[in-house]
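Examination of the molecular architecture
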Amino acid sequence: AGPYHAPLGLDYEALLAQMLRSTSEAVQDLTAYHIGELRLIRFRSEIAELAASARPDMVHTLSVLDAEAR
């Protein structure tokens, strides 16, 4: 796949952070859902910013992360 893909050299959480900053809401939603599955509290502030627009997937992930933090 060399001519078609250049590895980014990111660790897993750095890749998730990049995907969360995507311009695609679908990619952001999928990433947020996965962050919630993994209970990655370190992403709480980024998820909270996206949840402010009342996007259901973001609100759900925020509630999962808040429950995990307790």
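As a reminder, the structure under discussion sits directly above these lines.
If you're wondering where the values come from, they're calculated on a predicted model, not measured in any experiment. (Residues numbered from 1 in each chain as written. Predicted model: local features only at pLDDT ≥ 70, side-chain atom pairs only at ≥ 80, totals over all residues. Heavy atoms only, no water.)

**Quick word on the overall build of the protein**
If you tally the helices and strands in the protein, you get four helices and zero strands. Seen in sequence order, the protein has helices and strands lined up from the N terminus as α-α-α-α. Projected onto its principal axes, the C-alpha coordinates of the protein cover approximately 45 × 25 × 15 Å. Going through the 70 residues of the protein one by one, you find that 29% of them count as buried. For the protein, the proportion of contacts with a sequence separation of at least 24, taken over those separated by at least 6, is 46%. When the accessible surface of the protein is split by element, carbon and sulfur atoms take 57% of a total near 4,800 Å². Here the protein holds 6 positive side-chain charges and 10 negative ones, and the gap between their average locations is 4 Å. (Helix = DSSP H or I, 4+ residues; strand = E, 2+ residues; numbered from the N terminus. Buried < 20%, exposed > 50% of the residue type's maximum accessible area, 1.4 Å probe, protein only. Contact = heavy atoms within 4.5 Å. Areas by Shrake-Rupley, 256 points an atom, 1.4 Å probe, with all protein chains shown as cover. Lys, Arg positive; Asp, Glu negative; His and termini not counted. Charge placed at Lys NZ, Arg CZ, Asp CG, Glu CD.)

**Observations concerning the nonpolar core**
In this structure, Leu 20, Ile 35, Phe 43, Ile 47 and Met 58 are the most contacted members of the largest nonpolar core, which totals 13 residues. For this core, the secondary structure elements donating two or more residues are helix H1 (12–20), helix H2 (25–38), helix H3 (44–51) and helix H4 (56–69). (Core = buried A, V, L, I, M, F, W, Y, C linked by side-chain atoms within 4.5 Å.)

**Details of the environment of Met 19**
With respect to the secondary-structure elements, Met 19 resides in helix H1. Spatially, the C-alpha atoms of Met 19 and Leu 30 are 9.0 Å apart, while their sequence positions differ by 11 residues. Beyond its immediate chain neighbours, meaning those up to four positions away, Met 19 contacts Val 27, Gln 28 and Thr 31.

**Let's talk about the side chain of Thr 61**
Along the chain, Thr 61 falls in helix H4. Excluding anything up to four places from it in sequence, Thr 61 contacts Ala 32, Tyr 33, Gly 36 and Ile 47.

**Structural notes on the packing of H2 against H4**
Between two packed helices, what matters for the description is the angle formed by their axes and the separation of those axes. As a packed pair, H2 and H4 sit with axes 9 Å apart at the nearest point and diverge in direction by 15 degrees. For the element pair H2 / H4, the angle class is roughly parallel. Crossing handedness for the pair H2 and H4: left-handed. Within the contact between the two elements, H2 uses Gln 28, Asp 29, Ala 32, Tyr 33, Ile 35 and Gly 36 and H4 uses Asp 57, Met 58, Thr 61, Val 64 and Leu 65. Per-class residue counts for the contact of H2 with H4 are six nonpolar, three polar and two charged. (Axes fitted to C-alpha atoms, helices over the stretch in contact; angles between N-to-C directions. Parallel < 35°, antiparallel > 145°, perpendicular 65-115°, else oblique. Left-handed = near helix turned anticlockwise from the far one by under 90°. Nonpolar A, V, L, I, M, F, W, Y, C, P; charged D, E, K, R; others polar.)

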